[in-house]
Amino acid sequence: MNAWLAQHRRALTLTGRQIAASPVARTFQALVIGVAITLPLLLYLTVQNLARLAGQSDADARIALYLAADATAKEAAAISTRLDAHAGVAGHRFVARDEALRDLKQRHDIADLVDALPKNPLPDAFVVRAASLRPGDIEALRSEASAWPKVALAQLDSAWAARLDAGLDLARSLALGLGTVLAAALLAVTFNTIGLQIVNRREEIEVSRLIGATHGFIRRPFLYAGVVQGAAGGALACAFAGVCVFWVNEQLRGVAALYGTELAARALPAGDALAVIGFSALLGWLGAWLAVTRHLLRLDSQLDAR
Amino acid sequence: MIALERVGKRYPNGFDALKSVTLAIDTGEFAVITGHSGAGKSTLLKLMAGIEMATTGTVRVNGQDIAGARRALPFLRRKIGLIFQDHKLLYDRSVFDNVRLPLDITGFPPRDGAKRVRAALDKVGLLGRERALPITLSGGEQQRLCIARAIVHRPSLLLADEPTANLDLDYAQEIVGILSSFHQVGVTVVVSTHDLVSLRMVRPRVIALARGALWQESEGRGEPVRDDVDLDGARVES
Ligand SMILES: Nc1ncnc2c1ncn2[C@@H]1O[C@H](COP(=O)(O)OP(=O)(O)O)[C@@H](O)[C@H]1O
Ligand SMILES: [Mg+2]
């Protein structure tokens, strides 16, 4: 136990000393990794914020339920009760045919034309706000409602929700794909930088092996270095993303004031930031492990060949 | 302590560096392996430390068959003190840190470790040079540094490959004196050399190799070594 602690302390000390020995180079390595992680991170943040905005706006997915012309007030009330009880419905509003006609006359300059009509051609209607933004859910609600008695037509009010959702899905997969590619890049960067450190210390490694060092002993300081480098890169990426969000909010402030709304991009939640740092630390560890293991296998195979 | 049985060593290029060598070295012995350059001295020591593997025969150290103990090899090596022909010092760190390395490998606690390092440096007369870089040491001092690194973890077996090479007689004898002082406290010492003169005073057991085969052994252990052992007449029967 004591020996185990002593070895870890030594590895940590070594890592610290190496960083202290070449702070500029180490900072640049962390910067490279940080920038690489920042890109997918920003994409992810954009998606999150757009999805949040879409959920906030009241122009979200609406379904218009047009009632049959012969629907009575009682039948309309029954539909209203159904809508109240439905989990997929966030809210609904009854638009009486007279109200609709008034609205029509007001909004468009066709008052004369409307007045000329012998009777109100518009049906009673419900404007239903779906609880979910997912196109599948909305469509399910629409087709369900269209089968209710006295519902003549159930119509999706806005196709834009579906489009936005598809767009967000695309952006999400893009963020994931970009994240994967850059994770591979991070792995390669660590593999190379740790590989360089190994080359710089190959004499020490060789001598250590000769006088009884295990693979674990050789690996440990490099694994620490990989973890530190990865975590530093991840932390830098979170900081970059934070700066970007701050900057965007500065830009948005004027626009938001113009519309009298609160419009602000939200920064990365602390939990997500920790996950990013943890993940890049893990990748750093893996890159370092691969680099040292390759070196050790080469050393050993030199021995085996004899 | 060390038992070689019909050990042969063929290098990958097909060269037979050792041919059917059988020999045993007991605990507490001071043994010298001698022979011309290229006779196989270094190879023999490397086999004993598990740095090279025998292609035929068996090498046992402390009863353990080295070929069958790959995973245990690091731990076996920690019981051995190794002095390399090419020193293998780390020139980018201080004398202190060089000697410290074996203790780090075994996970020795830092404070006790520092004491051990100073004790080892004291034994080889390098106390006070802890902070120096190895490159600033003379040849004899570097060799003593190698000894300090080899004994800092108190091994029971010391393997030294040509520890007196390139040293003037006075310095060579100083090295032999240090090795002998470890022998006197019970450490088994195996030294390879082509320079028997400086080893004369410790009356070692002499094992002579010629072209990879056992050629001659001194009669009786502890006999004075004749410095006229005529290796030029070496003939190997094949
Ligand atoms: N790695 C190697 N590959 C091929 N031949 C080697 C290798 N190491 C040593 N030899 C050869 O084996 C012979 C014995 O070498 P060595 O044990 O170093 O002799 P010594 O130490 O007695 O001078 C020499 O002829 C040398 O050239
Ligand atoms: Mg040699």
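Nothing here was measured: the structure is a model prediction, and the numbers come from that model.

A. How the structure looks around the interface of chain B and chain A. Each partner contributes residues to the interface: chain B has 26 residues there, and chain A has 23 residues. Surface buried jointly by chain B and chain A totals about 2100 Å² across both partners, of which 61% is contributed by carbon and sulfur atoms. Area buried by chain B at its contact with chain A is led by B:Arg77, B:Lys88 and B:Ile105, which between them contribute 22% of it. Summed over the shared surface of chain B and chain A, the number is 2 salt bridges. A salt bridge links A:Glu206 to B:Lys88, with the shortest nitrogen-to-oxygen separation between them at 3.3 Å. Applying the counting criterion to the chain B and chain A interface returns 4 residue pairs in polar contact (both at pLDDT 80 or more). Contributions of two or more residues to the side of chain B that touches chain A are made by helix H2 (73-77) and helix H3 (95-106) of chain B. For the side of chain B that touches chain A, the element with the most residues is H3(B), which contributes 6 residues.

B. Representation of helix H1 (residues 2-21) of chain A within the structure. The end-to-end C-alpha distance of H1(A) is 28 Å, a good match for the 28 Å that 20 residues give at a rise of 1.5 Å each. The set of residues buried in H1(A) consists of A:Ala6, A:Gln7, A:His8, A:Arg10, A:Ala11, A:Leu14, A:Thr15 and A:Gln18.

C. Representation of the coordination of the magnesium ion (ligand 2) in the model. Residue and element names in this part refer to chain B. For the magnesium ion (ligand 2), the protein coordination sphere consists of Ser42 (OG) and Gln85 (OE1), at 2.0 to 2.4 Å. You can see Ser42 sitting in helix H1 (residues 41-49) and its partner Gln85 sitting in the loop between strand E6 (80-83) and H3, a full 43 residues away along the chain. Judged by relative accessible area, Gln85 falls into the partly exposed class, the value being 42%.

D. Molecular detail of the side chain of A:Asp124. All names here are of chain A. Of note, Asp124 is situated in the loop between helix H5 (111-115) and strand E3 (125-130). Arg97 provides the closest opposite charge to the buried, unpaired Asp124, separated from it by 4.9 Å. Side-chain polar atoms of Asp124 contact the backbone nitrogen of Arg97, separated by 2.7 Å. The contact partners of Asp124, leaving out residues within four places of it in the chain, are Leu65, Tyr66, Leu67, Phe94, Val95, Ala96 and Arg97.

E. Just the site of ligand 1, in detail. Residue and element names in this part refer to chain B. Tyr11, Asn13, Phe15, Ala17, His36, Ser37, Gly38, Ala39, Gly40, Lys41, Ser42 and Thr43 make up every residue found near ligand 1. Relative to its unbound accessible surface of 560 Å², ligand 1 loses 69% to contact with the protein. In terms of residue class, the shell around ligand 1 is built from 4 nonpolar, 7 polar and 1 charged.

The rules we used
Residues numbered from 1 in each chain as written. Chains lettered and ligands numbered in written order. Predicted model: local features only at pLDDT ≥ 70, side-chain atom pairs only at ≥ 80, totals over all residues. Heavy atoms only, no water. Contact = heavy atoms within 4.5 Å. Buried area = accessible area lost by both parts, 1.4 Å probe. Salt bridge = Lys/Arg side-chain N within 4 Å of Asp/Glu carboxyl O. Polar contact = N/O pair within 3.5 Å; in protein donor to acceptor, adjacent residues only side chain to side chain. Helix = DSSP H or I, 4+ residues; strand = E, 2+ residues; numbered from the N terminus. Expected span 1.5 Å × (residues − 1). Buried < 20%, exposed > 50% of the residue type's maximum accessible area, 1.4 Å probe, protein only. Donors = N, O, S within 2.8 Å, 3.2 Å for Na, K, Ca; no water. Lys, Arg positive; Asp, Glu negative; His and termini not counted. Near = heavy atom within 4 Å. Areas by Shrake-Rupley, 256 points an atom, 1.4 Å probe, with all protein chains shown as cover. Nonpolar A, V, L, I, M, F, W, Y, C, P; charged D, E, K, R; others polar.

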